[in-house]
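# Observations on the model geometry
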Amino acid sequence: MGLSLNKMNIAFFGAGKWGKNYIPILESLGANIRIGNRNNWRDILQDNWATHVIIATPPENHIEIALVALKKNLPIMVEKPIALTSQEVLNLMEYESNTPVLVNYIHLFSPAFSHMSQMLKNEKIVEINSAGCNLGPFRNYSSLFDYAPHDLSMGMYLAGDLNFDKFCCHAKDENGGTNYNIKAYYGDIKHNIFIGNGSKEKKRYLEVICESNNKYVYDDLSINKLVVNKEPVEISKTKPLENSIGYFLEFISTGKVKPIWDLKFSLDITKYLEMISI
């Protein structure tokens, strides 16, 4: 029998600019929450109060917190990037066992992206074009690791079993940040990616061109978040973060299903980021 929401004790770490968005959603679900940070997380995890852990701290703390949680067999939801090196992900995988770990690639939980991916099951994808950029944020790690996990997770998900097998990349310092033009290939599918924190224009979209000449556009910043051949498609209005939290709490934590995107998926993304950054 799965846990009822009012019996879920969430140890939540990292209620910063983005992480704070979790709190009202968790409270609306009736979960019990203890909020901590990268300085006091050990104190919160030292007893047996927590039944679940959500990690939204800076990525340099992710693996350290997650390792302690996994050793206590606590299901984990963690923000991307899961880590800044593939070795850290491998260290975590040693303790994963049957305890669920969900990395929150937020766009995979967007109703618009989910609807598009269903429509694309009957299509042959030829090319993907995506962009994720803004002026900032400026962090103590590369904008490649900050932005590119979104694009790679969407591209890899759409490509299915096709491997990321070659790429080329050009980086340019602009406006106090760094922008990247990346050409990645999943088998015969080309993925053109523009990401970075040195762009004066904010963008977050993914375009899919098919052999049938149909064109699908997911634009997270647009009122019409999904457009097919220039025609808007009606989609659910639920927020991606609500969907990802709901998936974690109601399904993964009950043990009924494994995470859709397991740690191998995140390991591959981290390895690709390391390859691109060389």
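Refer to the structure above for everything that follows.
A brief look at the structure comes next. (Residues numbered from 1 in each chain as written. Predicted model: local features only at pLDDT ≥ 70, side-chain atom pairs only at ≥ 80, totals over all residues. Heavy atoms only, no water.)

### Things to note about the environment of N192
Tracing the sequence through the fold places N192 in strand β9 (residues 189-196). Assessed through its relative accessible area of 15%, N192 is described here as buried. In this structure the C-alpha to C-alpha distance between N192 and G155, which are 37 residues apart in sequence, comes to 9.8 Å. Setting aside anything within four residues of it in sequence, one finds N192 in contact with E127, I128, N129, S130, I182 and K183. At 2.7 Å, the side chain of N192 and the side chain of N129 are in polar contact. (Helix = DSSP H or I, 4+ residues; strand = E, 2+ residues; numbered from the N terminus. Buried < 20%, exposed > 50% of the residue type's maximum accessible area, 1.4 Å probe, protein only. Contact = heavy atoms within 4.5 Å. Polar contact = N/O pair within 3.5 Å; in protein donor to acceptor, adjacent residues only side chain to side chain.)

### Topic: the packing of aromatic side chains
Applying the stated criterion to the full structure yields 8 aromatic pairs. The cationic tip of K71 hangs over the ring face of Y95; the distance from NZ or CZ to the ring centre is 4.9 Å. (Phe/Tyr/Trp six-rings, centres within 6.5 Å; stacked < 30°, edge-to-face > 60°. Lys NZ or Arg CZ within 6 Å of the ring centre and 35° of its normal.)

### Observations regarding the pairing of strand β4 (residues 76-79)
Covered by surrounding structure in β4 are I76 and V78 together with M77 and E79, the residues of both alternating faces. Across 3 bridges, strand β3 (residues 52-55) lies against β4 in parallel orientation. Opposite I55, over in β4, you have V78 as the bridge partner. Pairing of β4 with strand β5 (residues 101-104) involves 4 bridges; the strand directions are parallel. (Pairing = 2+ DSSP bridges.)

### A short note on helix α8 (residues 263-277)
One turn of an α-helix holds 3.6 residues; hence residues three or four places apart share an orientation. The first and last C-alpha atoms of α8 sit 21 Å apart over 15 residues, in line with the 21 Å expected at 1.5 Å per residue. Its side-chain oxygen 3.2 Å from the backbone nitrogen of K264, D262 forms the N-cap of α8. (Expected span 1.5 Å × (residues − 1).)

### Let's talk about the side chain of S153
Structurally, the position occupied by S153 is in helix α6 (residues 143-159). Note on S153: relative accessible area 1%, which makes it buried. Not counting the four nearest positions on each side in its chain, S153 is found in contact with Y105, L108, F265 and I269.

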